[in-house]
Amino acid sequence: MSLMESTFAANIDPVLAQSFRVSARCGCFMQAARSLNIKSTQLRKHLAQLEAQLHCSLFNHHDNGLALSHEGLALQAQLIALAHERAASVIEQPLIRLAVAESVLHDILGRDLVALLRRNASVRLDIITLDSELSLQAVSADVVLWLGGTDSPLPGPSFAMSEPQPLAQLDYLPHIAKRYSRVAARPDSLDDLADFMLVQWQHDRQVESFRPWNSVVDQRLAGVVQLHSYALMLEMIRCSACIGLLPRYMSQFDRGLIALPGLFDQPMQRQVWMAVSAESQGQADVQMIIELLHNTFNERREWFEH
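These numbers were taken from a predicted model, which means no experiment stands behind them.

A. Spotlight on the overall build of the protein. Counting its regular elements, the protein contains 11 helices and 11 strands. For 306 residues, the compact-globule estimate of 2.2 N^0.38 gives 19 Å, and the protein exceeds it by more than 25% at 28 Å. Structurally, the protein occupies a C-alpha span of about 80 × 50 × 30 Å along its principal axes. Counting only residues that meet the buried cut, the protein has 43% of its 306 residues in that class. A sequence separation of at least 24 residues applies to 72% of the contacts in the protein between residues at least 6 apart. When the accessible surface of the protein is summed, it comes to about 16,600 Å², and 50% of that surface belongs to carbon and sulfur atoms.

B. How the structure looks around the packing of aromatic side chains. Counted under the stated rule, the structure contains eight aromatic pairs. Over the ring of F210 we find R270; its NZ or CZ atom is 5.9 Å from the centre of that ring. One cation-aromatic arrangement involves R300 over W303; the distance from NZ or CZ to the ring centre is 5.5 Å.

C. Spotlight on the pairing of strand β8 (residues 224-227). Note: strand β7 (residues 198-201) against β8, four bridges, orientation parallel. Residue pairing in the sheet places L198 in a bridge with V224 of β8. At this point the chain moves from β7, through helix α7 (residues 211-218), to the parallel β8, and the crossover so formed is right-handed.

D. Structural context of the packing of helix α1 (residues 14-26) against helix α2 (residues 29-36). Their axes nearest at 8 Å, the elements α1 and α2 cross at an angle of 130°. Taken together, the axis directions place α1 and α2 in an arrangement best described as oblique. The interaxial crossing formed by α1 with α2 has right-handed handedness. Between α1 and α2, the contacting residues are Q18, S19, V22, S23, R25 and C26 on the first element and F29, Q31, A32, S35 and L36 on the second.

E. Highlighting helix α5 (residues 102-119). Given a rise of 1.5 Å per residue, 18 residues ought to cover 26 Å, and the 24 Å separating the end C-alpha atoms of α5 matches this to within 8%. Along α5, the sharpest change in direction is near 70° and occurs at L109. Within α5, the full set of buried residues consists of S103, V104, L105, D107, I108, L109, D112, L113 and L116.

F. Main features of the side chain of Q271. Along the chain, Q271 falls in strand β11 (residues 269-276). One polar contact links the side chain of Q271 to the main-chain amide nitrogen of A168, over a distance of 3.3 Å.

G. Geometry of the nonpolar core. In this structure, V104, L109, V143, L145 and F297 are the most contacted members of the largest nonpolar core, which totals 58 residues. Aside from chain neighbours lying at most four places away, what touches V104 is L109, L145, L147, V272 and F297. One finds A24, L47, L50 and C56 within the second-largest nonpolar core, a separate group that totals 21 residues.

H. Spotlight on the domain arrangement of the protein. Split by domain assignment, the protein resolves into domain 1 (14-89), domain 2 (96-169 + 270-303) and domain 3 (171-268). Distance between the C-alpha centres of domain 2 and domain 3: 26 Å. The partner domain 3 presents 14 residues to the 13 residues of domain 2 that form the contact. Between domain 2 and domain 3 the total buried area reaches about 1,400 Å² when both faces are included, carbon and sulfur atoms providing 57% of it. When the buried surface of domain 2 facing domain 3 is broken down by residue, D107, R270 and W303 rank first, second and third, together holding 47% of it. Linking domain 2 to domain 3 there are zero salt bridges.

I. Examining the pattern of salt bridges more closely. Following the criterion strictly, the structure yields six salt bridges and no others. With its nearest N and O atoms 3.3 Å apart, the salt bridge here joins R300 to D112. Here R300 is found in the loop between α10 (284-299) and α11 (301-304), whereas its partner D112 is found in helix α5, with 188 residues between them in sequence. Comparing R300 with D112 shows no difference in burial state: the two are buried. The shortest N-O distance in the salt bridge between R205 and D218 comes to 3.8 Å. Here D218 lies in helix α7 and R205 lies in the loop between β7 and α7, a separation of 13 residues in the sequence. Each of the salt bridges in this network shares a partner with another, and the network as a whole consists of E235, R238 and D254.

J. Just α10, in detail. With 16 residues, α10 should cover 22 Å at 1.5 Å per step; its first-to-last C-alpha distance of 22 Å lies within 8% of that length. The complete set of buried residues in α10 reads V286, I289, I290, L292, L293, T296 and F297. Within α10, the buried residues cover an arc of 155° as seen down the axis, which keeps them to one side. Turned more than 90 degrees away from the buried face of α10 sit A284 and E299, all of them exposed.

So, how was this worked out
Residues numbered from 1 in each chain as written. Predicted model: local features only at pLDDT ≥ 70, side-chain atom pairs only at ≥ 80, totals over all residues. Heavy atoms only, no water. Helix = DSSP H or I, 4+ residues; strand = E, 2+ residues; numbered from the N terminus. Rg over C-alpha atoms; globule rule 2.2 N^0.38 Å. Buried < 20%, exposed > 50% of the residue type's maximum accessible area, 1.4 Å probe, protein only. Contact = heavy atoms within 4.5 Å. Areas by Shrake-Rupley, 256 points an atom, 1.4 Å probe, with all protein chains shown as cover. Phe/Tyr/Trp six-rings, centres within 6.5 Å; stacked < 30°, edge-to-face > 60°. Lys NZ or Arg CZ within 6 Å of the ring centre and 35° of its normal. Pairing = 2+ DSSP bridges. Right-handed = clockwise from strand over helix to strand, strands pointing away. Axes fitted to C-alpha atoms, helices over the stretch in contact; angles between N-to-C directions. Parallel < 35°, antiparallel > 145°, perpendicular 65-115°, else oblique. Left-handed = near helix turned anticlockwise from the far one by under 90°. Expected span 1.5 Å × (residues − 1). Bend = angle between axes of the 7 residues up to and from the residue. Polar contact = N/O pair within 3.5 Å; in protein donor to acceptor, adjacent residues only side chain to side chain. Core = buried A, V, L, I, M, F, W, Y, C linked by side-chain atoms within 4.5 Å. Domains from an automatic or database assignment. Buried area = accessible area lost by both parts, 1.4 Å probe. Salt bridge = Lys/Arg side-chain N within 4 Å of Asp/Glu carboxyl O. Arc of directions from axis to C-beta.

Given below as structure tokens:
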């Protein structure tokens, strides 16, 4: 490969090119290695490999640091030009706004969304978390997933949208970490809950179908923690002897948690609803997100069956 070739920079391994760019900027191998978070010996190996490919020396060594050789300056110029060329060729992608109930995003969709972004690095996705009824009614998005009643999607988003589709019915039960609860000591009545600290996600206080659980929490004069973070509530249950209300599927999501059935006579249920903005439902990228959502819930169908 010759420096005289106009396309040689595009064929350089990205790792080697990055090692060269940072070294040229820093003018010091040790500082460049720290910036790249690699050992200086690894950095020197990358640069030696690059110089062997190009059959030239890229740096002149001085007592007080490094300077680019004539060939190094030429390589730096071509890498800069290549970066500008690639930036100019990037086509702006449409922004997709996906609004999702916080617990659904955390438990069900998170991994599949990461996989989607790995497969589609050019996608532009704005993920909005819904943590209250107010945020649901105020949101503007292309696709919305929210938790509502089992027989009605109302209240739902306030913008013009397609007919809401039910994706899954979720049953809720108190949960506890297995490591903090021997089988013989697990509560099997509401009176037994008095021996345990209860933890509640504040958003759940407004859910009508959770009234049996919320009544128990509200009667507590001590031994209760109210949290505004869903993830922190999960951590409290995982890492202490707290009991909290979670979807029945949680033991599928986290094998360290176990449901406590039989404490309440009334079922506590919610439905996952999905709707699409009337203005966006024909867009190809929006259809890609809709397909992802359907596939995710279909693949986890056993989570919602009991």
